[in-house]
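The lines below spell out each chain.
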Amino acid sequence: MLLRYVLPASRRSKQPETSPSPSLAATRRVMRNPSGIVGTAILVIFLLVAFMAPMLAPFDPLVQHAGDELKAPGTTYLLGTDEFGRDILSRIIYGARLSLAVGIISTGIGFAIGALSGLITGFLGGWVDEMVNRLW
């Protein structure tokens, strides 16, 4: 005989308990931690600088300014110039775009390789699974 325990109506919850989504839970954990807030702020600033490079850079990063080679930091060139007279600040700002692209592409390649190998080993199993596990 199957017995069921039924809570009295006064103790039953009106709404079912739902747990927050994993991304929401992770966001809450990061925002409670001071290091997480600082890291998130740095990431947001880096992304904004990368996307707004044409508006933020004072000079074209590829243009050579004749006569301004190896200038010290000053009012015209905030971080100075290199041996070809190019503004270093502009080159750093535009370099953020390249760094961001390299990071996204390398992460995508790693994800694709990992997902593909996981799918293959999960589907085939057996000795293929053993070999891939030993290789990786």
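So, a few notes on the structure that sits alongside this text. Note that the structure is predicted; figures quoted are calculated from it, not measured. (Residues numbered from 1 in each chain as written. Predicted model: local features only at pLDDT ≥ 70, side-chain atom pairs only at ≥ 80, totals over all residues. Heavy atoms only, no water.)

Let's shift gears to the overall build of the protein. The number of helices and strands found in the protein is five helices and zero strands. Ordered by position from N to C terminus, the α and β elements of the protein give α-α-α-α-α. Scored against the burial criterion, the 136 residues of the protein give a buried share of 17%. Here the contacts in the protein between residues at least 6 apart in sequence split such that 35% fall between residues at least 24 apart. (Helix = DSSP H or I, 4+ residues; strand = E, 2+ residues; numbered from the N terminus. Buried < 20%, exposed > 50% of the residue type's maximum accessible area, 1.4 Å probe, protein only. Contact = heavy atoms within 4.5 Å.)

Right, let's get into the packing of helix α1 (residues 22–32) against helix α2 (residues 34–51). Viewed as axis vectors pointing N to C, α1 and α2 meet at an angle of 100°, and their least axial separation amounts to 4 Å. On the basis of their axis angle, the class for α1 and α2 is roughly perpendicular. Facing V30, M31 and R32 of α1, the residues of α2 in contact are P34, G36, I37 and T40. Classifying every residue of the contact of α1 with α2 by side-chain character gives four nonpolar, two polar and one charged. (Axes fitted to C-alpha atoms, helices over the stretch in contact; angles between N-to-C directions. Parallel < 35°, antiparallel > 145°, perpendicular 65-115°, else oblique. Nonpolar A, V, L, I, M, F, W, Y, C, P; charged D, E, K, R; others polar.)

As for its position among the elements, H65 is in the loop between α3 (53–56) and α4 (88–124). Of the residues examined, H65 reaches a relative accessible area of 18% and is grouped as buried. Once residues lying within four places of it in the same chain are set aside, the contact partners of H65 are F59, Y77, F84 and G85.

Where α2 meets α4, the closest approach of the two axes is 8 Å, and the angle between their N-to-C directions is 110°. The angle between the axes of α2 and α4 places the two elements in the roughly perpendicular class. Counting all contacts with α2, which are made through F46, L47, V49, A50 and F51, the residues of α4 involved are I93, A96, R97, S99 and L100. Looking at the contact of α2 with α4 residue by residue, the classes come out as eight nonpolar, one polar and one charged.

Here we take up a nonpolar patch on the surface. Taken together, the side chains of V44, L48, F51, M52, M55 and L56 present a nonpolar region at the surface, about 600 Å² in accessible area. Mapped by element, the contributors of at least two residues to the nonpolar patch are α2 and α3. In terms of residues, the nonpolar patch owes the most to one element, α2, which gives three residues. Relative to the helices and strands, M52 resides in the loop between α2 and α3. (Patch = residues over 30% accessible without salt bridge, like charges linked within 9 Å, V, L, I, M, F, W, Y side chains within 5 Å. Areas by Shrake-Rupley, 256 points an atom, 1.4 Å probe, with all protein chains shown as cover. Salt bridge = Lys/Arg side-chain N within 4 Å of Asp/Glu carboxyl O.)

Looking now at the packing of aromatic side chains. Tallied over the full model, the rule gives one aromatic pair. Relative to Y77, the ring of F59 has its centre 5.1 Å away and its plane inclined at 35°; by these criteria the two rings are tilted. Remark: Y77 occurs in the loop between α3 and α4 and F59 occurs in the loop between α3 and α4; sequence separation between them is 18 residues. A relative accessible area of 23% places F59 in the partly exposed class. (Phe/Tyr/Trp six-rings, centres within 6.5 Å; stacked < 30°, edge-to-face > 60°.)

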